[in-house]
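Residue-level listing of the chains:
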Amino acid sequence: MSGLPWFLRLEPVHRVPGRIRLRYACRPGTPDDAATLNRAVEAVAGVTSVRASRAARSLAVHYDPAVTDATALCLALAALPIPEPAPPAPAAEGGAGGAALVRSLATLAGGFLLPMPLRLPLSLAVAMPMLREGMAIYGREGVNSHVLEAAAVAISLARRDFTAANTTVFMLALGEYMEDSIARRSDALLKRLLRPSSDQVWLLRGGVEIQVSADTVLVGDSVVIGAGTVIPVDGTVLSGEATVNEAAMTGESAPVVKQRGSAVLSGTLMEEGRLVVYAEHVGSHTAAARIADYVEQSLTAKSEAQLDAARLADRLVPTVLKLAGGSFLMTGDWRSAASVLQADYSCALKLATPVAFKSAMYGAGQAGILIKGANALERLAQADTVIFDKTGTLTTGDLQVTDSIAFDPTFSPDDLICLAASVEEHYFHPLAMAVVNAAKETHNRHFDHQEVKFIVAHGVASVIDGKRIVVGSRHFIEDDEGIDTTAHRKAIDALHRDGKTLLFIGFGGVLAGVLALKDSVRAASAATIARLRRAGVKRVLMLTGDHRDRAAELAAELHIDGFHADLLPTDKARIIEDLSREGARIAFVGDGINDAPALAGAHVGIAMQKGADIARLTADVALLEDRIERVADAKETANAAMALIARNYRLTVGLNSAILGAAALGLLSPVGTAVLHNGTTIGILLNALRRAPVAVPRA
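Here the structure is a predicted model, which means the values were calculated and not measured.

Draft legend 1. Focus on the overall build of the chain. The helix and strand tally for the chain stands at 24 helices and 24 strands. Burial analysis of the chain (699 residues in total) assigns 52% to the buried set. Taking the contacts inside the chain whose residues are at least 6 apart along the sequence as the reference set, 65% of them involve residues at least 24 apart. Total accessible area on the chain is roughly 30,400 Å²; 58% of this is exposed by carbon and sulfur atoms.

Draft legend 2. Representation of the pairing of strand β5 (residues 200-205) within the structure. Bridge analysis of β5 against strand β6 (residues 208-213) gives six bridges, and the strand direction is antiparallel. Following the sheet pairing, Trp202 is matched in β6 by Gln211. Between the end of β5 and the start of β6, which pair antiparallel, lie two residues, with Gly206 showing a positive phi angle near 60 degrees.

Draft legend 3. Summary view of the sheet that holds strand β4 (residues 58-63). Read from one edge to the other, the open sheet built from four strands follows the order β1-β2-β4-β3, with strand pairing classed as antiparallel. Pairing within the sheet leaves two strands with one partner each, and these edge strands are β1 (7-16) and β3 (47-53). Neighbour to neighbour, the strand axes of the sheet diverge by 25 degrees on average, direction disregarded. Here strand β2 (residues 19-26) pairs with β4 via five bridges, running antiparallel. Bridge pairing links Leu22 to Leu59 in β4. Docked against the sheet, helix α1 (residues 34-42) engages β1, β2, β3 and β4, running at close to 160 degrees with respect to β3. Contacting β1, β2, β3 and β4, helix α2 (residues 70-78) crosses the sheet at an angle of about 160 degrees to β1.

Draft legend 4. Structural detail: the environment of Val217. Looking at where Val217 falls in the secondary structure, it is placed in the loop between β6 and β7 (222-226). When its relative accessible area of 6% is taken as the criterion, Val217 is described as buried. Along the primary structure Val217 and His281 are separated by 64 residues, whereas in three dimensions their C-alpha atoms are 9.7 Å apart. Not counting residues within four places of it along the chain, the set of residues in contact with Val217 comprises Val201, Leu203, Val212, Val223, Val233 and Val282.

Draft legend 5. Representation of the packing of aromatic side chains. Following the criterion strictly, the structure yields four aromatic pairs and no others. On the basis of an interplanar angle of 65 degrees and a centroid distance of 6.3 Å, the ring pair of Phe411 and Phe447 is categorised as edge-to-face. On the criterion of sequence distance, the pair formed by Phe411 in the loop between β14 (395-406) and α14 (413-424) and Phe447 in the loop between α15 (430-440) and β15 (453-455) is long-range, its members being 36 residues apart. Taking the relative accessible area as the measure of exposure, Phe411 reaches 12% and is therefore buried. Relative to Phe507, the ring of Phe411 has its centre 5.8 Å away and its plane inclined at 70 degrees; by these criteria the two rings are edge-to-face. Separated by 96 residues along the polypeptide, Phe411 in the loop between β14 and α14 and Phe507 in strand β18 (residues 501-507) bring together distant segments of the chain. Residue classification places Phe507 among the buried positions, given a relative accessible area of 10%.

Draft legend 6. View of the environment of Ala70. Along the chain, Ala70 falls in helix α2. We classify Ala70 as buried; its relative accessible area is 8%.

Draft legend 7. How the structure looks around the pattern of salt bridges. Within the structure shown, the criterion is met by 23 salt bridges. Arg445 is the salt-bridge partner of Asp415, the closest N and O atoms lying 3.7 Å from each other. Here Asp415 is found in helix α14, whereas its partner Arg445 is found in the loop between α15 and β15, with 30 residues between them in sequence. Taking relative accessible area as the criterion, Arg445 reaches 41% and is therefore assigned partly exposed. For Asp578, the salt bridge identified is with Arg581, shortest N-O distance 2.6 Å. A residue pair is termed a helical-turn pair when its members lie 3 or 4 positions apart in one helix, as Asp578 and Arg581 do in helix α20 (residues 569-581) at three residues. By relative accessible area, Arg581 is classed as exposed at 55%. Each of the salt bridges in this network shares a partner with another, and the network as a whole consists of Arg531, Glu625, Arg627, Glu629, Arg630, Asp633 and Glu636.

Draft legend 8. Main features of the pairing of β4. Within β4, six of the six residues are buried, leaving the element largely enclosed by the surrounding structure. Burial along β4 is two-sided: Ser58, Ala60 and His62 facing one way and Leu59, Val61 and Tyr63 facing the other are all buried. In this structure, β3 lies alongside β4, joined through six bridges in antiparallel fashion. Note on β4: the bridge partner recorded for Val47 is Tyr63.

Draft legend 9. Structural context of unusual backbone geometry. One non-glycine residue, Asp465, lies in the positive phi region at around 55 degrees. The topology assignment puts Asp465 in the loop between β16 (459-464) and β17 (467-472). Relative accessible area serves as the criterion here: at 70%, Asp465 is assigned to the exposed category. We note that His559 has phi near 60 degrees; this positive angle belongs to a residue other than glycine. If you trace the backbone, His559 turns up in the loop between α19 (548-558) and β21 (562-564).

Draft legend 10. Structural detail: the sheet that holds strand β23 (residues 604-607). Across the sheet, which stays open at both edges, the seven strands sit in the order β12-β24-β23-β22-β13-β20-β21 with mixed pairing between neighbours. At either end of the open sheet lies a strand with only one pairing partner, and these are β12 (369-371) and β21. Looking at each pair of strands side by side, their axes are set apart by 20 degrees on average, direction ignored. Judged from the four bridges that link them, strand β13 (residues 385-389) and strand β22 (residues 586-590) form a sheet pairing that is parallel. Paired with Val386 across the bridge in β22 is Ala587. Packing of helix α12 (residues 374-382) onto the sheet brings it into contact with β12, β22, β23 and β24 (621-623), and relative to β23 it is tilted by some 100 degrees.

Draft legend 11. Inspection of the environment of Arg160 at higher detail. Secondary-structure assignment places Arg160 in the loop between α5 (145-158) and α6 (162-191). Residues Arg160 and Arg119, spaced 41 residues apart in sequence, show a C-alpha to C-alpha distance of 9.0 Å.

Draft legend 12. Spotlight on α1. In terms of residue burial, α1 counts as a mostly covered element, since seven of its nine residues are buried. For α1, the complete set of buried residues consists of Ala34, Ala35, Thr36, Leu37, Asn38, Ala40 and Val41.

Draft legend 13. Up close: the side chain of Ser422. Note on placement: Ser422 falls in helix α14. Discounting residues that sit within four places of it in the chain, Ser422 has contacts with Arg445, His446, Phe447 and His449.

Draft legend 14. Up close: the packing of α12 against helix α23 (residues 629-664). At a minimum axis separation of 8 Å, α12 and α23 run at an interaxial angle of 100 degrees. Taken together, the axes of α12 and α23 are roughly perpendicular relative to one another. Together, Leu377, Glu378, Leu380, Ala381 and Gln382 of α12 and Ala634, Lys635, Ala638, Asn639, Ala641 and Met642 of α23 make up the contact between the two elements.

Rules and cut-offs
Residues numbered from 1 in each chain as written. Predicted model: local features only at pLDDT ≥ 70, side-chain atom pairs only at ≥ 80, totals over all residues. Heavy atoms only, no water. Helix = DSSP H or I, 4+ residues; strand = E, 2+ residues; numbered from the N terminus. Buried < 20%, exposed > 50% of the residue type's maximum accessible area, 1.4 Å probe, protein only. Contact = heavy atoms within 4.5 Å. Areas by Shrake-Rupley, 256 points an atom, 1.4 Å probe, with all protein chains shown as cover. Pairing = 2+ DSSP bridges. Axes fitted to C-alpha atoms, helices over the stretch in contact; angles between N-to-C directions. Phe/Tyr/Trp six-rings, centres within 6.5 Å; stacked < 30°, edge-to-face > 60°. Salt bridge = Lys/Arg side-chain N within 4 Å of Asp/Glu carboxyl O. Parallel < 35°, antiparallel > 145°, perpendicular 65-115°, else oblique.

Below, the structure is given as structure tokens:
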């Protein structure tokens, strides 16, 4: 079976120069986890980075156009054989490193107490694991930093300079232990974003509460959640009232009141009260489970900056080796050569960058910004053009009733709102909820009615006082119900030109009136755009399927550089593709199903918190909180992370070059070089672990 191709299907769905996104299907029974996919695809010639999404069955592959092209890459991926299972990770890696550190410290501290004939065997025994590893690496990969370190220790042992050898072994063991601890800590920071949930869930079935296993909960179940419980599903509150701590998912520490119609997220904590929640996403499809998948990917994904640092470290190894040889030829002192061999660049260059990325992603996650990997963070920092979808992004997406026009003189405008709300209150559609909220602000008269019927994509219908009432779209009223609207066309067209959404109310076979609803601009939209400009964004654009006049009005209000209106979903992706060809590095911010192609085609896609599942899966950055200012927070976080990486890069090269020069001139002993080199490496890693705070606005 190992000779068969791994992928049964591999279909390109979007491509721009240097990047291609493919839809895939693995052969049944073969590995299909994100980590294995990432490893296998990264090994293909020309691939610089890859992000696999198991949920979306997609591969986003970045490649070097100088090495390969999209066609050759697809052929190479299609020919990939079924991979062998990955070997299990060592069980006690941290423990082994700690034991080596203790042994080397004991040898350094007590070795001088032994008689001279015993010092060589003891020092050799402690150094032997490192010497064997160096020889094995040399035979497998050639000369690298580990080989240089082993050579330095071997030279000191050959010269019977046991203090230098033991000090070097101890400092290397200390450095490796600290590096491993810091790397593991940065991984743990990301994993701490998730709060474990209970294995048991209470459901309401047939009026009776029953306890079931969490993995048996289905979409549509009514989940009962009490105080002190972690919410196990994503859904909408059917009944009850409670306060929920959403800090684990949004970064907002203040508890949020939840009641009928409120959305709740898995992984958040019920503090007080009791809720019955309609389960919309369960199991691996919940927000918490998707975060776990993204975290797993982020721990294995490599950014271009990380790859550049690793390539530079590898290129500098021969230089260090030549410098050590030159130093010996000039001074005739093996001690000088041993000092030079210890001053390599590899550790700090290769570890500081991924640690900084992970630390930044953790800080962003705590503030309600889910960044799916180091590559996404790097591309967000590079973005010079931000394109917003309008509805639900620059605007709240929450409709409000702005006009109530009654054509039947027996109803006042307030009566018309209450008439519609009486039948709409049983429905969770945004239009229905807007009407119910508007009715609460009136005298809130309730009209008794019979059973309400839902007509999908049309509206609702019932009977009041023996007359049929229908509330819904113009198509529903005119074509399905046969209600004539021509007498009121002038008023209807005027509302439509204002960019408003219309809800028609038919009562007793005639048009009783029309409600007009409008989306409101987010209060923080203008400030967010200003912050993005300060963060280095050169151009801000808006795409919308809305009417051109309304789009122009909003663009002027928010000082947006340009806009495209009256668009179809495919138009958005085409515009982004055209701008990308012109050299723009685009961050696209959207929320709907129709935004998914644009999110996939942009340099980096950002999905709003209330976005459709496909939008959030396709995006590189997903907001966990419905605040547009989080877009600016994400950009500032990415900029700060890349600035920190650049500073660490300069520190690494500068400090190690100084140490290397001093060692080559004979100014540093092997002991001094080991202390300085490992000390600066640990300091740089600790600096990389720092993260710039992301402000969390309070309600």
